[in-house]
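# Per-entry structural report
In case you want the letters, here they are:
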Amino acid sequence: MRIGLLTEGGYPYVSGDARLWCDRLVRGLARHEFRVYALSRSLRQEDEGWMPLPPQVTRVRTAPLWTAVDDGAAHGRDLHGRRARRRFTEAYADLARAVCEGGAAEGRASRSRGACANGCAEDGVNGCTGDCASARPSGRTGDYGDDRQADRFGNALYALADLAREEGGLGSALRSEGALRVWERACRTPGTVRTAHGARVGELLAVARHVERALRPLSLDWYEDAELGAVDLCHATAGGSAALPALLARHFSGVPLLVTEYGVPLRTHYLATADAPPAVRALLASFHGRLAAEVYRRAARITPGNAHVRRWQEHCGADRAKLRTVYPGMEASRFAEVVADVADAAEGAGSAERAGSAERAERAEPAETSAPRRSEPGGAARRAAGAAATTGGTAEREAFEREAFEREAFERETAERETAEREAAERESAAHESASGAGDTLVWVGRVEPAKDLVSLLHAFAEVRAHVPTARLRIVGTAAGAEGRAYLEHCEHLAARLFPDDGHEDTRPCGDRPVSFEEAGAPDAPDLAAVYAAGAVVVLSSVVEGFPVSLVEAMFCGRATVSTDVGAVVEVIGGTGLVVPPREPAALARACVALLRDPARRRRLGEAARARALELFTVEQNVMAFDDLYLDVVSHSPRRRVLVDDRGAPLPFGTPAEARLPGNWTGPRRPLRRAPLWASDTTTPPAAPAQRPEPVGEGAAR
């Protein structure tokens, strides 16, 4: 079948979100034809080029969301005629009123939820924007599920799209003075969110610019009959702007829509506007909530990446009957070699230990067998002898004594065998740890930023060192931008204060430092799989986390984990690791010490974690799940184009098999739209495509 794959800030570019799983999905479904429609987020992303594309990708269309060029050059032309401008004003006013009234409803609902108990970022309109338990939406119908406002928003959106089709784009109308006046009138309407009533002109300009950028796909020709209108299924890899062309293709051409979200776009917008004025924050939160609700309402299937994302989707009004959780697929083969090497080394050490134990047992056996056991009978022998004396009879007495001695020997041998097996298991676990080089090392892997809460991890490790003096902590990751670099520097200074004995950080090797900071992906950096395997325990200390990629990678390596209860951590771990509350260094330290002191428990948890990861989080299960979903959606939502004659009656045989050709060639044909100048009509990669680099590990970038 023909699949229209829509992305934002990711595939087919070599950098960005969801690029890896999209590439694995496309390559894993070679029997389908893919047309990729990608929205880029920055000039740097476009300059880095594309990933190598497989032959089943037959068409690629790209458009930027980051440009801020003059509207006349960007959109090609303005709206022509008074009637077109009046239609735009009416439709845009309906959309703005739905946003303003929706913001009021969401504000009331958020205030009713109360303040966050964990001290997360909170505003008076949208409540907690963190990732703690207080921020998790309930399973009830979302605050964006009001049918009247949802219909108003959807009708206004489709009216704007219809006008864009007729006029070849919305021109500069979305950023015009008329659009600003629409927002001013909407904010003064009764029922509007209270914080928006006093919005200033500068704040409304910020809202209008943001809405224009989000609605920019309306001016594209991607949802025409020759583009997404000719596919069997639209698969949007995110909500919001990425799903907008697919939503319009469903509205105009009846193409079924599948939406996949491995993150929470609405929560991302909450956090991105945390420093914005209250009016801007309230209006943009309502706009993105309304857009997400419309996408969920029209989608045939919705596939969240975990239960955490699923709760947010239900909060926005998604129908539970449409939801099906599909975990992201990750490549497990790159960790298999390390696990096999460690297992072989441990098996060799265990075999040598077992051989030594057997030899010691053989040397000790003659001494035990030659000992005169009958001269010193145990309690059972004495009781048997007494019983025999009462009955009188030498033969019977000897039989009782012999039976008692045999029973006592059996009990003694059973106890000795159990003790030997327990000691062998402990020695084998120690040999396994020695073979892997783990020792008492804690490993943290990820993207260095404040949300990862490395400060709490360092304080927890200080308590760990008090109980396990030989413990070491390896922090492996990359800093996320200027904020991440500043945070990394702060953590390095904190480590120097907490561990003053580590006074020669530049000259001492990593293995001799209590705390080491290593950059993932550097030329001299170790392989990430080897880093996981070299740790006794892998730690995650985040206060905000979506899908914990680093934990899944550690599970593939068979490592025991200690993590904080945020995002989808509990769902991913599933009882194969220890989970503690976030922002509690003492609890984190106790969990790490408990595992460091119990190698056998670490090994059991690691083996269970690897088995769980191979069952749920591999590329194969992800590809198979989407293949089944494609067939299910198309079978329940087939394309039915009903053509009519001049009188409005159905036209017999108006949709023959050849109707799969692009365009409506069996009836009157509307002139094809030209793509706007700011969008690319590329069907082949750029002149110098960037080669796909070997990933250093997905967890190191999260």
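Higher on the page you've got the structure.
The rules we used
Residues numbered from 1 in each chain as written. Predicted model: local features only at pLDDT ≥ 70, side-chain atom pairs only at ≥ 80, totals over all residues. Heavy atoms only, no water. Helix = DSSP H or I, 4+ residues; strand = E, 2+ residues; numbered from the N terminus. Buried < 20%, exposed > 50% of the residue type's maximum accessible area, 1.4 Å probe, protein only. Contact = heavy atoms within 4.5 Å. Core = buried A, V, L, I, M, F, W, Y, C linked by side-chain atoms within 4.5 Å. Disulfide = S-S within 2.5 Å. Axes fitted to C-alpha atoms, helices over the stretch in contact; angles between N-to-C directions. Parallel < 35°, antiparallel > 145°, perpendicular 65-115°, else oblique. Nonpolar A, V, L, I, M, F, W, Y, C, P; charged D, E, K, R; others polar. Salt bridge = Lys/Arg side-chain N within 4 Å of Asp/Glu carboxyl O. Pairing = 2+ DSSP bridges. Left-handed = near helix turned anticlockwise from the far one by under 90°. Patch = residues over 30% accessible without salt bridge, like charges linked within 9 Å, V, L, I, M, F, W, Y side chains within 5 Å. Areas by Shrake-Rupley, 256 points an atom, 1.4 Å probe, with all protein chains shown as cover. Lys, Arg positive; Asp, Glu negative; His and termini not counted. Charge placed at Lys NZ, Arg CZ, Asp CG, Glu CD. Right-handed = clockwise from strand over helix to strand, strands pointing away. Expected span 1.5 Å × (residues − 1). Phe/Tyr/Trp six-rings, centres within 6.5 Å; stacked < 30°, edge-to-face > 60°. Lys NZ or Arg CZ within 6 Å of the ring centre and 35° of its normal.

It is worth spelling out the overall build of the chain at this point. Tallying secondary structure elements over the chain gives 23 helices and 14 strands in all. Considering the chain as a whole, with its 702 residues, one finds that 50% of them fall into the buried category. The long-range share in the chain, meaning contacts at least 24 apart out of those at least 6 apart in sequence, stands at 75%.

The biggest cluster of nonpolar side chains holds 81 residues, and the ones touching the most others in it are Tyr92, Leu157, Trp183, Leu218, Cys234 and Phe287. Among the elements that make up this core, the one with the highest residue count is helix α11 (residues 278-298) (11 residues). With 36 residues, the next largest nonpolar core counts Leu442, Leu454, Val468 and Leu605 among its residues.

Most peptide bonds are trans, and most residues other than glycine sit at a negative phi. With an omega dihedral of 5°, the bond running from tyrosine 11 to proline 12 counts as a cis peptide bond. Within the secondary structure, proline 12 sits in the loop between β1 (2-8) and α1 (19-28). Look at aspartate 453: it is not a glycine, yet its phi comes out positive at around 55°. Positionally, aspartate 453 belongs in the loop between β9 (441-448) and α16 (454-467). Given the relative accessible area of 10%, aspartate 453 is considered buried. For arginine 583, which is not glycine, the phi dihedral falls at a positive 60°. Along the chain, arginine 583 falls in the loop between β14 (578-580) and α21 (585-596). Given a relative accessible area of 42%, arginine 583 falls into the partly exposed group.

This part is about the state of the cysteines. One pass over the structure, following the stated rule, counts 0 disulfides. Distance from the sulfur of cysteine 100, which forms no disulfide, to the nearest cysteine sulfur (cysteine 187) is 4.2 Å. Exposure remark for cysteine 100: the relative accessible area of 0% places this residue in the buried category.

Attention now goes to the packing of α21 against helix α22 (residues 599-616). Running from amino to carboxyl end, α21 crosses α22 at an angle of 100°, the nearest separation of the two axes being 6 Å. The pairing of α21 with α22 is recorded here as roughly perpendicular in orientation. Facing α21, whose interface residues are Ala594, Leu595 and Leu596, α22 presents Pro599, Arg601, Arg602 and Leu605. Considered class by class, the residues forming the contact of α21 with α22 number 5 nonpolar, no polar and 2 charged.

We now examine the pattern of salt bridges. Tallied over the full model, the rule gives 26 salt bridges. Put simply, glutamate 101 and arginine 152 hold a salt bridge, and the shortest N to O gap is 3.4 Å. Of this pair, glutamate 101 sits in helix α4 (residues 82-113) while arginine 152 sits in helix α5 (residues 147-167); the two residues are 51 residues apart in sequence, bridging distant segments of the chain. In this structure, arginine 474 and glutamate 518 form a salt bridge, with 2.9 Å as the shortest nitrogen-oxygen distance. Separated by 44 residues along the polypeptide, arginine 474 in strand β10 (residues 472-479) and glutamate 518 in strand β11 (residues 515-519) bring together distant segments of the chain. Since its relative accessible area comes to 18%, arginine 474 is described here as buried. Judged by relative accessible area, which is 12%, glutamate 518 ranks as buried.

Read from one edge to the other, the open sheet built from 6 strands follows the order β11-β10-β9-β12-β13-β14, with strand pairing classed as parallel. Two strands close off the open sheet at either side, each with one partner strand: β11 and β14. Between one strand axis and the next, the sheet turns through 20° on average, direction left out of account. Examined bridge by bridge, β9 and β10 share 8 bridges and lie parallel to one another. Residue pairing across strands places leucine 442 opposite leucine 473, the latter belonging to β10. The strands touched by α21 within the sheet are β9, β12 (537-540), β13 (560-564) and β14, with β13 carrying the most contacts at an inclination of about 175°.

A pair of packed helices can be characterised by two numbers: the angle between their axes and the separation between those axes. Interaxial distance between helix α19 (residues 549-556) and α22 falls to 7 Å at its minimum, and their mutual angle equals 115°. Considered as vectors, α19 and α22 are oriented roughly perpendicular to each other. The way α19 lies across α22 gives a crossing that is left-handed. On α22, the residues that touch Val552, Met555 and Phe556 of α19 are Ala609, Arg610, Arg612, Ala613 and Leu614. Looking at the contact of α19 with α22 residue by residue, the classes come out as 6 nonpolar, no polar and 2 charged.

In this section: a positive patch on the surface. Among the surface-exposed residues, Arg82, Arg83, Arg85 and Arg86 lie close enough to one another that they form a single positively charged patch. Relative to the assigned elements, arginine 83 resides in helix α4.

This brings us to the environment of leucine 454. Looking at the secondary structure, you find leucine 454 in helix α16. For the pair formed by leucine 454 and leucine 540, sequence separation is 86 residues and the distance between their alpha carbons is 9.1 Å. Not counting the four nearest positions on each side in its chain, leucine 454 is found in contact with Trp444, Val448, Ile475, Tyr487, Cys491 and Ser541.

Our next topic: the pairing of β12. Going residue by residue along β12, you find Val537 and Val539 tucked away on one face and Val538 and Leu540 tucked away on the opposite face as well. Looking at chain direction, β9 and β12 are connected through 2 bridges and run parallel. In the strand pairing of β12, leucine 442 is matched with valine 537. Sheet topology note: the β12/β13 ladder contains 4 bridges and is parallel. Residue pairing in the sheet places valine 539 in a bridge with valine 562 of β13. Where the polypeptide runs from β12 across α19 and back to β13, its parallel neighbour, the crossover connection is right-handed.

Our focus in this paragraph is α5. For an α-helix, the turn length of 3.6 residues means that residues three or four places apart are oriented alike. If you check α5, its first and last C-alpha atoms are 30 Å apart, about what 21 residues at 1.5 Å a residue would give, namely 30 Å. Directly after α5, the chain includes glycine 168, whose backbone phi takes a positive value near 75°.

This paragraph deals with helix α8 (residues 201-214). Spanning 14 residues, α8 covers 20 Å between terminal C-alpha atoms, matching the ideal 20 Å at 1.5 Å per step. Within α8 the residues assigned to the buried category are Glu203, Leu204, Val207, Ala208, Val211, Glu212 and Ala214.

In this section: the packing of aromatic side chains. This structure, assessed with the given rule, holds 12 aromatic pairs. Taken together, a centroid distance of 5.1 Å and an interplanar angle of 80° make the contact between tyrosine 327 and phenylalanine 617 edge-to-face. Here tyrosine 327, found in the loop between α12 (307-315) and α13 (333-370), pairs with phenylalanine 617, found in the loop between α22 and α23 (619-636); they are 290 residues apart in sequence, far enough to count as distant. Tyrosine 327 gets classed as buried once you look at its relative accessible area, which sits at 16%. Three or more aromatic residues joined by ring pairs form one cluster here, namely Trp21, Tyr262 and Phe626. Sitting above the plane of the phenylalanine 252 ring, arginine 165 keeps its charged end 4.3 Å from the centroid.

Let us now look at the pairing of β11. The buried count for β11 comes to 4 of 5 residues, which makes it a mostly enclosed element. Alignment of β10 against β11, held across 5 bridges, turns out to be parallel. If you follow isoleucine 475 over to β11, its bridge partner there is phenylalanine 517.

What is shown is where atoms sit, not what they do.
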